[in-house]
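The primary structure of each chain is shown beneath.
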Amino acid sequence: MTPILNVEHLTRIHGKGCDRCLTSTGPEHDTNICPHCGSVVAVADASFQLHRGEVLGIMGESGSGKSSLVKMLYFDDQPTSGRATYDLDGQSHDLFSLNEAQQRRLRDTAMGMVYQNPSLGLNFDISAGGNIAERLLMSDELRYGVIREKARALLARTEVPPARMDELPRNFSGGMQQRVQIARALSTGAPLLFLDEVTTGLDLSVQARILDLIMELQEESGVSMLVVTHDLGVVRHLTTRTIVMKYGRIIESGLTDQILEDPQAAYTQQLVSSAL
Amino acid sequence: MFPTDTMAQGHEGAEYGFAFLDEDAKRELRRSIFKAVCIPGHQVPYASREMPIARGFGTGGMQVTLALLGPRDCVKVIDQGADDSVNAANIRAFFSLTCPGVSGTTLTEAASVIQTRHRIPELPLRNDQILVFQVPYPDPLVLVEPNAATRRRMHGRADYARLWVKLYEDMVAFDEITISHRYPTRINGHYIIDPSPIPRYDVPKLHQADCLYLFGAGREKRIYAVPPHTDAIPITFADVPFTVEEFIDRKTGKRHCCRRCGATDSFLDEFPDEDGNRVFQCSDAAYCDSRLMQQEAAE
Ligand SMILES: Nc1ncnc2c1ncn2[C@@H]1O[C@H](COP(=O)(O)OP(=O)(O)O)[C@@H](O)[C@H]1O
Ligand SMILES: [Mg+2]
Ligand SMILES: [Zn+2]
Ligand SMILES: [Zn+2]
């Protein structure tokens, strides 16, 4: 079966770049900054596949390029080079050769993103329901009654009290804001979801409840997910397969259980042992 | 219409070309007007000239009108439907002074160019007439997006979901869409315009009209157009119909009528009379007057 997402040699260099950027950075050089030109190699030559219905973890310490990777796939940022194809209903979309309108269309209707910082994923000046409405409107749902009903149902599903539907999310707790973001990301029934550090900074009990919710939603809908985190607990809780990144490179990948029990790379061993 | 340069003498011997603006300025305006007509609803930038009145008093509309007028034109100027307000009268006088040959009129049917603030005349306009709006705020997206470059991109790709979110929030709060003026209207299936502060009542007149509508915003330096026979659809939800002011008297359930001419088919201004009673009167003074004249003639 074709993977839903096939990423090949994806690279993102911040700065003017030079022909030695890739050979002078990475784990063996202990840096992601090119000593010759000063450019930051955020992601280098990343290749992986996400299978249909799979939850894939992207793990690594801060600055290793995890967010950069998903930002490109969600069209928040453009790669320096590389390719990614998204297989949607049997049709393959070459993500970075689409024009801007096609990219926006795909993102609005067939992708969802939950950011660590809710202010990136939500408009704090409109109500929680309005945030969901916006996403539905972007995918051409113009019936007020339907929008209202869907927003109500989605918020109920993500355990946001219906009474708070018409309030501004800026007044919500961090956990509640993440629930609204999740509801928004789910609203168009997209088969592909990106979650970037969605529980980072929340109370432990709140974290656990949100992870359970994500798990339940995934099992209900079979949505494919890329879950970015530096938290081993999240990886263990949600994912079946995991990629480990360091200085922009994928240094290890495999079944999450195996990686956690028997990490191969020294770096992964460090990550795992420091979390114990 | 477009005149060639005939020099006129102004006050105290100051010289200026026909229609006050120099020929370069008029050429630039006409280029922008043509472009606006070719891309219905698109806000076309132009170099706004200094006018002898302050920006915000209709300089955008005036420049468009001046670029259109030729010596055989007949111009009407209305402010909230009235020809005799100080503002309208001053602008009309300015046109007469700077455009030799151009006549002024208050009759809608006699005008070839009508400049307006806040209303569209009641009498349907013909294909040989142009209505020029004075526009204070040309961009409907300012309400949802502060950055001008982002707004331009949003217009380009018809990214208007956030305008609908405004309507959603309105429905949630009030159970109806409460926008009374400047109702966002989609032109030819793509661009959404701010039709200037006309009431909702006037919005349907933009749709598939015989005349040309031009919009001039002096402060923001933008011109846009709704050409004849073009779709102009006020935005709403599929299940929430767009409605216009109905002027229904809650006591009788019937429509209020104009206290002067008795019209029940016009946009009405409401104000207290000498005794403090609420009374209603046609906002379009020319329409009201012509009805009165007809009634007198019939008697
Ligand atoms: N816009 C940018 N300009 C320059 N450097 C950037 C930019 N965005 C990210 N980086 C750098 O790229 C690297 C990877 O960042 P990021 O993807 O955010 O890491 P992570 O999400 O794994 O913490 C970091 O060194 C970061 O400083
Ligand atoms: Mg990050
Ligand atoms: Zn370099
Ligand atoms: Zn009347």
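Residue numbers restart at each chain and count upward from 1, following the sequence in its written direction. For naming, the first written chain is A and the first written ligand is 1, with later ones following in the order written. Only residues with pLDDT of at least 70 get local features here, since the model is predicted, and only at 80 or more are side-chain atom pairs given and counted; chain-wide, interface and lining totals rely on the full set of residues. Each side-chain value is derived from all of the structure's non-hydrogen atoms; neither hydrogens nor water enter the calculation.

**Brief notes about the packing of helix H5 (residues 144–157) of chain A against helix H5 (residues 161–174) of chain B**
Right, on to step 1. Fitting a line to C-alpha atoms yields each axis, with helices limited to the stretch in contact; the angle taken between N-to-C directions then spans 0 to 180 degrees. Labels follow the DSSP assignment, with helices taken as runs of H or I lasting at least four residues and strands as runs of E lasting at least two, numbered in each case from the N terminus. At a closest axis distance of 11 Å, the pairing of H5(A) and H5(B) adopts a crossing angle of 80°. Here H5(A) lies roughly perpendicular to H5(B), going by the angle between them. Seen from H5(A), the contacting residues are Tyr144(A), Ile147(A) and Arg148(A); seen from H5(B), they are Tyr168(B), Met171(B) and Val172(B).
Right, on to step 2. Grouping the amino acids of the contact of H5(A) with H5(B) by side-chain chemistry returns 5 nonpolar, no polar and 1 charged. An angle counts as roughly parallel when it lies under 35 degrees, as roughly antiparallel when it exceeds 145, as roughly perpendicular when it falls between 65 and 115, and as oblique in every other case. Here a residue-residue contact requires only that any non-hydrogen atoms of the pair lie within 4.5 Å. Residues are grouped as follows: Ala, Val, Leu, Ile, Met, Phe, Trp, Tyr, Cys and Pro are nonpolar; Asp, Glu, Lys and Arg are charged; every other residue, Gly included, is polar.

**Things to note about the domain arrangement of chain B**
When the parts of a complex come together, some accessible area is lost, and that lost area is often taken as the interface size.
All names here are of chain B.
Right, on to step 1. By the assigned domains, chain B splits into domain 1 (7–135 + 204–227) and domain 2 (246–299).
Right, on to step 2. For the domains described, the bounds stem from an automatic or database domain assignment. Each of domain 1 and domain 2 was reduced to a C-alpha centroid, and the two centroids are 29 Å apart.
Right, on to step 3. By buried area we mean how much accessible surface two parts lose on assembly, using a 1.4 Å probe and totalling the loss over both. With both chains or domains summed, domain 1 and domain 2 bury close to 660 Å², and 49% of this area falls on carbon and sulfur atoms.
Right, on to step 4. Of all residues in domain 1, the largest losses of buried area upon contact with domain 2 belong to Gly81, Arg119 and Glu122, amounting jointly to 62% of the total for that side.

**Considerations on the confidence of the model for chain A**
Right, on to step 1. Confidence of the predictor at the level of single residues is given by pLDDT, which spans 0 to 100. Of the residues in chain A, 99% reach a pLDDT of 70 or more, and the chain-wide mean stands at 94.
Right, on to step 2. Across chain A, the secondary-structure element scoring lowest on mean pLDDT is helix H10 (residues 266–275) of chain A, at 80, and the one scoring highest is strand E1 (residues 5–14) of chain A, at 98.

**Quick word on the coordination of the zinc ion (ligand 3)**
All names here are of chain A.
Right, on to step 1. The coordination sphere of the zinc ion (ligand 3) contains the protein donors Cys18 (SG), Cys21 (SG), Cys34 (SG) and Cys37 (SG), at a distance range of 2.2 to 2.4 Å.
Right, on to step 2. Any nitrogen, oxygen or sulfur atom within 2.8 Å of a metal ion counts as a donor, with the limit raised to 3.2 Å for Na, K and Ca, and since water is left out, coordination shells can look unfinished. Only four donors with every angle between 85 and 135 degrees are called tetrahedral; only four or six donors with opposite donors over 155 degrees apart and all others between 65 and 115 are called square planar or octahedral, in that order; all others are irregular. In this structure, the zinc ion (ligand 3) is surrounded by 4 donor atoms whose angles at the metal cover 96 to 117°, and the resulting shape is tetrahedral.
Right, on to step 3. In primary sequence terms, the donor set of the zinc ion (ligand 3) follows C-x2-C-x12-C-x2-C.
Right, on to step 4. Among the residues examined, Cys34 registers a relative accessible area of 2% and is labelled buried.
Right, on to step 5. Each residue's exposure class comes from its accessible area (1.4 Å probe, protein chains only) as a fraction of the maximum for that residue type: buried when under 20%, exposed when over 50%, partly exposed otherwise. A residue is classified by how much of its surface remains accessible, and Cys37, at 18% relative accessible area, is buried.

**Describing the pairing of strand E4 (residues 81–88) of chain A**
All names here are of chain A.
Right, on to step 1. Being paired, for any two strands, means DSSP has found at least two bridges between them. Here E1 runs beside E4; their pairing, made up of 5 bridges, is antiparallel. If you follow Asn6 over to E4, its bridge partner there is Thr85.
Right, on to step 2. In this sheet, strand E5 (residues 91–94) lies alongside E4 in antiparallel orientation, the contact comprising 4 bridges. Looking at the pairing, Asp87 lines up with Ser92 of E5.

**Notes on the site of ligand 1**
Residue and element names in this part refer to chain A.
Right, on to step 1. Ligand 1 sits among His14, Asn32, Val40, Ala42, Glu61, Ser62, Gly63, Ser64, Gly65, Lys66, Ser67 and Ser68.
Right, on to step 2. Counted as a polar contact is a pair of N or O atoms within 3.5 Å, where, for protein atoms, one must be capable of donating a hydrogen and the other of accepting one, and residues adjacent in sequence contribute only when both atoms are in side chains. In the environment of ligand 1, an oxygen atom lies 3.0 Å from a nitrogen or oxygen atom belonging to the side chain of Asn32.
Right, on to step 3. Between ligand 1 and Ser64, the relevant distance is 3.2 Å, taken from an oxygen atom to a main-chain nitrogen or oxygen of the residue.
Right, on to step 4. Computed on the free molecule, ligand 1 has an accessible area of 560 Å², of which 62% lies beneath the protein chains in the complex.
Right, on to step 5. Elements supplying a minimum of two residues to the shell around ligand 1: strand E2 (40–50) and helix H1 (66–73).
Right, on to step 6. Per element, the largest residue contribution to the shell around ligand 1 is 3 residues, and it comes from H1.
Right, on to step 7. In terms of residue class, the shell around ligand 1 is built from 2 nonpolar, 8 polar and 2 charged. Here a residue is considered near a molecule or strand provided that any single heavy atom belonging to it is located within 4 Å of it. Note that accessible areas follow from Shrake-Rupley with a 1.4 Å probe, and for residues the cover is restricted to the protein chains shown.

**Remarks on the packing of helix H2 (residues 59–68) of chain B against helix H3 (residues 86–98) of chain B**
For any two helices packed against each other, the geometry comes down to the angle between their axes and how far apart the axes lie.
All names here are of chain B.
Right, on to step 1. Across the interface, H2 lies against H3 with an axial gap of 12 Å and an inter-helix angle of 30°. Overall, the two elements H2 and H3 adopt an arrangement that is roughly parallel. Judged by the sense of rotation from one axis to the other, the crossing of H2 with H3 is right-handed. Note on element contacts: H3 touches H2 through Ile91, Phe94, Phe95 and Thr98, opposite Met62, Thr65 and Leu66. Put simply, a crossing is left-handed when the front helix is turned counterclockwise from the back one by less than a right angle, and right-handed when it is turned clockwise.

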